[in-house]
Amino acid sequence: MRIVYFILTTALLSLSGNVFSAMDHSSMAGMESSSQNAQTWNTTGVIKSWSPTSVSIAHRPVAQLNWPAMTMSFELDGYQGKPFTPGQQIHFTFRQTESGYALVSASAQ
């Protein structure tokens, strides 16, 4: 009896998992995928370079991501703020994208 129960339970869980994963979740109200709803992180850093499409920042550690201090590039896709010049210290917010990370907002320190 236990074997039959196990087989039926496993089959039902497998079936329900496949049905759920095959659903198109993008049409569910309140669950649309949007860069505005994406998780963001904050830190401070120094501008190393600024181009029309990206910015290089030497930033402090980001504890929430387990990142040490480092220099990295951030995309400017969707960034609405003003550009900064190399050497400026900023406080900034960024988000993850499909291809890396993007600057969301920045302000001079």
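Residues numbered from 1 in each chain as written. Predicted model: local features only at pLDDT ≥ 70, side-chain atom pairs only at ≥ 80, totals over all residues. Heavy atoms only, no water.

### Side note on the overall build of the protein
The line we're drawing: Numbering of helices and strands runs from the N terminus, with a helix taken as a DSSP run of H or I at least four residues long and a strand as a DSSP run of E at least two residues long. Think of it in three bands: with a 1.4 Å probe and only protein chains considered, a residue is buried below 20% of the maximum accessible area for its type, exposed above 50%, and partly exposed in between. Residues count as neighbours in contact if any of their non-hydrogen atoms are within 4.5 Å of one another. Only the protein chains shown count as cover for residues, and the accessible areas themselves come from Shrake-Rupley with a 1.4 Å probe.
Each helix and strand counted, the protein has one helix and five strands in total. Taken from N to C terminus, the helices and strands of the protein fall in the order α-β-β-β-β-β. When the 109 residues of the protein are sorted by exposure, 23% land in the buried category. Put simply, of all contacts in the protein between residues at least 6 apart along the chain, 46% involve residues at least 24 apart. Element-wise, carbon and sulfur atoms account for 57% of the exposed surface of the protein, whose accessible area totals about 7,800 Å².

### Some remarks on the nonpolar core
Where we set the bar: Buried Ala, Val, Leu, Ile, Met, Phe, Trp, Tyr and Cys residues form a nonpolar core when they are joined through side-chain atoms within 4.5 Å.
V55, I57, F74, F92, F94, Y101 and L103 are the most contacted members of the largest nonpolar core, which has 16 residues in total. Of all the elements in the fold, those that place two or more residues in this core are β1 (40-50), β2 (54-59), β3 (70-75), β4 (89-96) and β5 (101-108). Sequence-distant contacts of L103, defined by excluding residues within four places in its chain, comprise W50, V55, I57, F74, E75, L76, Y79, F92, T93 and F94.

### A closer look at the packing of aromatic side chains
What counts, and what does not: Whether two aromatic rings pair depends on their centres lying within 6.5 Å, for rings of Phe, Tyr and Trp, where Trp uses its six-membered ring; planes under 30 degrees apart make the pair stacked, over 60 edge-to-face, and the rest tilted.
Tallying each qualifying case throughout the model produces nine aromatic pairs. Taken together, a centroid distance of 5.9 Å and an interplanar angle of 75 degrees make the contact between F94 and Y101 edge-to-face. What makes F94 buried here is its relative accessible area of 1%. Taken together through their ring pairs, the aromatic side chains of W41, W67, F74, F92, F94 and Y101 make up a single cluster.

### A short note on the confidence of the model for the protein
Put simply, the rule reads: Every residue gets a pLDDT, meaning the predictor's confidence in that residue, from 0 to 100.
Averaged over every residue, the pLDDT of the protein is 79; the share at 70 or more is 66%. Contacts of residues 4-35 to residues separated by more than four positions or lying in other chains number five contacts, the stretch itself having pLDDT below 50.

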